[in-house]
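Chains, contacts and geometry: an overview
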Amino acid sequence: MNGHSDSDVPLSECACGHSAAGGPHTHSPMSGRRVGFCLSDKKRRKIGLDAFADICAGHGVEVVEIDLSKPLGPQGPFNVIVHKLSDVIVEAEHDSQSQQLLANFQSYVSANPSTVILDPLPAMSQLLDRFVSYRIMTKLHNSLQDWHICSPPYLEIHSASDLPSLQQALMTQGLSFPLICKTRVAHGARSHEMSVIFSAASLAVVQPPCVLQSFVNHGAVLHKVFVVGDRHFCVERPSLKNFPSGPSDRETIFFNSHQVSKPESSSDLTALDEQMPCLPPPSSEAVAALVRELRVLLDMTLFGVDIIINIHTHTLTVIDINIFPGYEGVPQFFPSLLSHIESVLAKQASAGPQPTAQTTGGPSATSTGLSDASGTEQGLLSSAS
């Protein structure tokens, strides 16, 4: 594993530096291949797609920005499509325009089964639902117990009818105060709005559907693992400070996780109250084992994992899994993404035409279409489970 600390240098500048060192490839075996990118304007700017397109051009790979509002057929053909359709899927619950955008995408995928999709829609959609992604995290207990990897106890709260029996459910599931409360939908601005609850009396702030998760003291350090194909990178970020274990009369803390854990964040919530020695970084072997397991469980190759180190047990604790993250602080992102695309294209070429099956960049092939492109958000999320 390559470990890197955060940097204020934009991704595009870091990647361009690495590209220049490697030099352009004028006779690449990938010449003539076309890679479509289906990203929001914000995501496109964040990863620096224009700079990445220049690097790809030096390797004979053409990058095409896909306009989902138009049929994809005339924009193609595409050997690979890289996308982050999270916004579209979530908004399709209530927005007919988003439903049409999703239908346009799925129409092309159905008509072009040899196009590699990074990552398959059903695989990506499961991470939009914390109920589903936390069940996946729980599976890590058994498969990775030799590496001392776990996830905190959690409780799914589906509706207001769950609230009267909430205290008993917390005890049954082994949760302890303080608790972190997170929205069920793991995408969009609201998904970053969280709270720390310190007592049973404060559970009235819970708004279903949501997840309650035991808070684990971790020395205010979050380790973000960024996965790109068969490579991964670990970057440190600020995180919530330690709190005394057990219930207390402390008022509920409301916070935005995105703001707290930005590379440049400076907050009272991340300042440790006591002098505490630095925790050891996560074992590179353990992180590698975790990433290998998640690639199989998720059937994805572009994702992030948030892990913390328990200050008492030093156990590596998985607290969230993220769709196609920002890769901030990973200067090797562009070369790694290009290498992954080239690897996927090489596998596709060696496998030959596959007219009846959808090829993916993950460890196993899955169907790409969601069960109902115009369904509700709940239906889309449920179809992934």
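The next thing to look at is the pattern of salt bridges. Note that side chains of opposite charge can pair when their charged atoms are close. Tallying each qualifying case throughout the model produces 10 salt bridges. Residue Lys46 pairs with Glu328 through a salt bridge whose shortest N-O separation is 3.8 Å. Here the residue Lys46 occupies a position in helix 2 (residues 41-47), and Glu328 occupies one in the loop between strand 15 (316-323) and helix 11 (333-351), the gap between them amounting to 282 residues. When its relative accessible area of 30% is taken as the criterion, Glu328 is described as partly exposed. Taking the shortest distance from any N to any O, the salt bridge between Lys70 and Asp67 comes out at 3.9 Å. According to the relative accessible area criterion, Lys70 is partly exposed, its value standing at 48%. On the basis of relative accessible area, Asp67 is assigned to the partly exposed category, the value being 28%. Salt bridges here are not isolated pairs; linked through shared partners, they connect Arg44, Asp50 and Glu65.

For Arg34, the location among the structural elements is in strand 2 (residues 33-38). Here the side chain of Arg34 touches Glu62 through a polar contact of 3.2 Å, side chain to side chain.

This part covers the nonpolar core. Ranked by size, the top nonpolar core spans 82 residues in total, and within it Phe52, Phe105 and Leu290 carry the most contacts. For Phe105, the contacting residues outside a window of four places in its chain are Cys38, Leu68, Leu72, Ile81, His83, Leu85, Ile117 and Leu121. Ranked by size, the runner-up nonpolar core spans 13 residues in total, among them Leu155, Ile157, Leu175 and Val206.

Another aspect to go through is helix 10 (residues 284-298). For helix 10, spanning 15 residues, the distance from its first C-alpha to its last is 21 Å, which sits close to the expected 21 Å at 1.5 Å a residue. Within helix 10 the residues assigned to the buried category are Ala286, Val287, Ala288, Ala289, Leu290, Val291, Leu294, Arg295 and Leu298. At the C-terminal side of helix 10, Asp299 shows a positive phi close to 55 degrees.

Looking now at the sheet that holds strand 5 (residues 116-118). Taking strand neighbours across the sheet as the criterion, the four strands line up as 3-2-4-5 in an open arrangement whose pairing is parallel. Single-partner strands in this sheet number two, and they are strand 3 (61-65) and strand 5. Across the sheet, the mean angle from the axis of one strand to that of its neighbour is 20 degrees, orientation sign disregarded. By the bridge criterion, five bridges tie strand 2 to strand 3 in an arrangement that is parallel. Considered in strand 3, the bridge of Gly36 is made with Val64. Set on the sheet, helix 5 (residues 96-111) makes contact with strand 2, strand 4 (80-83) and strand 5; between it and strand 4 the angle comes to about 155 degrees.

When you line up the elements, His223 lands in strand 11 (residues 221-228). For the pair His223 and Val305, spaced 82 residues apart in sequence, the C-alpha separation works out to 8.3 Å. With sequence-adjacent residues up to four places away left out, His223 is seen in contact with Cys234, Val235, Glu236, Pro281, Pro282, Val305, Asp306, Ile307 and Ile309.

The next point concerns the environment of Val35. Examined against the element boundaries, Val35 turns out to sit in strand 2. Judged by relative accessible area, Val35 falls into the buried class, the value being 1%. C-alpha separation for the pair Val35 and Ile66, spaced 31 residues apart in sequence, amounts to 9.6 Å. Excluding its chain neighbours within four sequence positions, the residues that come into contact with Val35 are Val61, Glu62, Val63, Val64, Phe78, Val80, Val82 and Ile341.

Taken in spatial order, the five strands line up as 7-10-8-9-13 in an open sheet, and their pairing is antiparallel. The strands lining the two open edges of the sheet, one partner per strand, are strand 7 (154-157) and strand 13 (253-256). Here the strands of the sheet are splayed against their neighbours by 25 degrees on average, with no regard to which way each runs. The pairing of strand 7 with strand 10 (residues 210-214) spans four bridges and is antiparallel. Residue pairing in the sheet places Leu155 in a bridge with Leu212 of strand 10.

Burial of strand 4 is two-sided: the residues Val80 and Val82 facing one way and the residues Ile81 and His83 facing the other way are all buried. Note that strand 2 and strand 4 share four bridges and pair parallel. Bridge pairing in strand 4 links Cys38 to His83. With three bridges connecting them, strand 4 and strand 5 associate as parallel partners. Among the inter-strand pairings, Val82 is bridged to a residue of strand 5, identified as Leu118.

Calculation notes
Residues numbered from 1 in each chain as written. Predicted model: local features only at pLDDT ≥ 70, side-chain atom pairs only at ≥ 80, totals over all residues. Heavy atoms only, no water. Salt bridge = Lys/Arg side-chain N within 4 Å of Asp/Glu carboxyl O. Helix = DSSP H or I, 4+ residues; strand = E, 2+ residues; numbered from the N terminus. Buried < 20%, exposed > 50% of the residue type's maximum accessible area, 1.4 Å probe, protein only. Polar contact = N/O pair within 3.5 Å; in protein donor to acceptor, adjacent residues only side chain to side chain. Core = buried A, V, L, I, M, F, W, Y, C linked by side-chain atoms within 4.5 Å. Contact = heavy atoms within 4.5 Å. Expected span 1.5 Å × (residues − 1). Pairing = 2+ DSSP bridges. Axes fitted to C-alpha atoms, helices over the stretch in contact; angles between N-to-C directions.

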